[in-house]
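If you want the building blocks of each chain, they are given just below.
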Amino acid sequence: MKILYGMQKPDEGTIAVAGEQVTFGSPADAIARGIGMVHQHFMLADNLTVLENVALGSEKLYGIGGGARKKIKEISDRYGLNVRPDVLVEDLGVAERQRVEILKVLYRGARTLILDEPTAVLVPQEVDALFDNLRELKSEGLSVIFISHKLGEVLSVADEITVIRRGTTVGTAVPAETTPRQLAEMMVGSELPTPETAESTVTDRAVIEVKGLTVYASGGASIGVDTESVTGGLAAAGADVKKALDDVTFTIHAGEVMGIAGVEGNGQTELIDALIGTKNADSGTIAFLGEDITPWPTRKRREQGVGYIPEDRHRQGLLLEAPLWENRILGHVTEAPNAKGFWLNPKGAQADTRRIVEEYDVRTPGIDVTAASLSGGNQQKLIVGREMSHSPKFLIAAHPTRGVDVGAQAQIWDRIREARRQGLAVLLISADLDELIGLSDTLRVIYDGKLVADANPATITPEELGSAMTGAATGHLEHVETGEAAGSAPEDEAR
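Quick caveat: nothing in here was measured; it's all calculated off a predicted structure. (Residues numbered from 1 in each chain as written. Predicted model: local features only at pLDDT ≥ 70, side-chain atom pairs only at ≥ 80, totals over all residues. Heavy atoms only, no water.)

### Regarding the sheet that holds strand S12 (residues 291–292)
Part 1: Read from one edge of the open sheet, four strands run S9-S8-S11-S12, paired in antiparallel fashion. Each having just a single partner strand, strand S9 (243–253) and S12 make up the two edges of the open sheet.
Part 2: Bridging between strand S11 (residues 283–288) and S12 involves two bridges; their strand directions are antiparallel. Bridging across to S12, Phe288 finds its partner in Glu291. (Pairing = 2+ DSSP bridges. Helix = DSSP H or I, 4+ residues; strand = E, 2+ residues; numbered from the N terminus.)

Dropping the structure here:
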């Protein structure tokens, strides 16, 4: 992708566009040849409008006023993208942001689109809408390179499939003549892995107990402050005092995976921040193994056994320009083998990094290379290995397999299942609904900052769960009227 988009130069080989051999020195060269790319991590400025984001860097094409607005409307109407030019990007949902990204490359005249894991954060209904958009683009003569590890989606939308393993093309396939199992065997040499968990390991020992947890989007108050007076003052000043997290209550037991299903932006990030301690709750309590940890700093929570796989490995999980062994230390700087007394222990960290690389199959030429040099899947395996190496009692796993191939995905699932059997309590937040349903013992739906429903992982379908995430009710969900926890699934019903 980076080579096709001019971000990196090839060492060997050729690229031809419309029959003419080309070389790209920058993305501008690729754009000039009609190639556009929609990155997995959206490249949008939240504080700008859709119009400003689309026109940014291309002002000389149509200006940033009426000409740009007219062109955006033409493209939006032509391809059924349905974007609103004057809305701030921060107010858009994930699916709308993705359509803005597609419109942005079409605005620059792209005839070939590269889409990197475009469905990673979409619910099934949004995936269907995206595929409709792609088919419309194709019908207008555009070409689409669709990169994904979700094999069912590839089979449903592609005209031809190329499988790459370890940097080499291993084969091509025609969807009508290929099964997911055959594709998986081409990709990883084995049957397609599934997240299904057959046996229950849920105990009656509560590890994490959250009661009435509330976080205000405007910042609100810190623990111990009169929240009503603070938010009243904010309201009087005209500030937005919307609750990002509203009276959330739940319990997770040893040996239990509790899944949280929700469209991104409905309070998941605030819940993670409150649990790990990077943001103070405005009200409510968090108990860990029976002890109130609400006022504890992040470092103490980590040292006492709270593990954390962050939702964005680049922004929150790694120092991309640091070597792997230094990344192994992150979040555990005071703990062995990274430290001896008050001092860092580089040799201990380096030796343990080699162990993680071998045990978790992190494919790297060595531990001194930078984290940026690894693929996304290998970066993720390094993070998982780092967190599991400290035998956590409670693990916050936010999108643990986002953007990784099926081989790495299966390895991460195995690690979570094995730790669960050993008594680990897990909070799983994921946009992969099959992963949520397959790994979870209990499943809650979050909407607008509230836990609004419980789902039975044994009976719910991804489509029903996707509907619930967007605010619709289904027959396999139990509506939660208050912030009180519905409780964990009984041991004989858990998966």
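That shown, we press on.
### Concerning the side chain of Ser76
Part 1: Looking at the secondary structure, you find Ser76 in helix H4 (residues 66–79).
Part 2: Taking the relative accessible area as the measure of exposure, Ser76 reaches 5% and is therefore buried.
Part 3: In terms of polar contacts, Ser76 uses its side chain to reach the backbone amide nitrogen of Asn82, at 3.1 Å.
Part 4: Once residues lying within four places of it in the same chain are set aside, the contact partners of Ser76 are Leu81, Asn82, Val83 and Leu103. (Buried < 20%, exposed > 50% of the residue type's maximum accessible area, 1.4 Å probe, protein only. Polar contact = N/O pair within 3.5 Å; in protein donor to acceptor, adjacent residues only side chain to side chain. Contact = heavy atoms within 4.5 Å.)

### Brief notes about the sheet that holds strand S3 (residues 35–38)
Part 1: Spatial ordering of the open sheet is given by S3-S4-S5, a layout of three strands whose pairing is parallel. Both edges of this open sheet fall to S3 and strand S5 (143–147), since each of them pairs with a single strand only. Taking each pair of neighbouring strands and ignoring which way they run, the sheet shows an average axis angle of 15°.
Part 2: One ladder, built from four bridges, connects S3 with strand S4 (residues 112–116); its direction is parallel. Each bridged residue has a counterpart across the sheet, and for Ile35 the counterpart in S4 is Thr112.
Part 3: Relative to S3, helix H5 (residues 94–107) is tilted by about 165°, and along the sheet it contacts S3 and S4. (Axes fitted to C-alpha atoms, helices over the stretch in contact; angles between N-to-C directions.)

### Description of the confidence of the model for the protein chain
Low-pLDDT portions of the prediction should not be read for the details of their coordinates.
Part 1: The pLDDT averaged across the protein chain works out to 84; a share of 87% of its residues lies at or above 70.
Part 2: Every residue in residues 219–239 is under pLDDT 50, and counting partners more than four places away or in other chains gives 25 contacts.
Part 3: The model gives residues 481–495 a pLDDT under 50, and that stretch makes 33 contacts with residues more than four places away or in other chains. (pLDDT = per-residue confidence, 0-100.)

### Some remarks on unusual backbone geometry
Part 1: With an omega of 0°, the peptide bond between Ala336 and Pro337 qualifies as cis.
Part 2: Residue placement: Pro337 occurs in the loop between helix H13 (324–329) and strand S14 (339–340).
Part 3: One non-glycine residue, Ser391, adopts positive backbone phi at about 45°.
Part 4: Phi at His399 takes a positive value of approximately 50°, unusual for a residue other than glycine.
Part 5: Looking at the secondary structure, you find His399 in the loop between strand S16 (394–398) and helix H16 (406–421).

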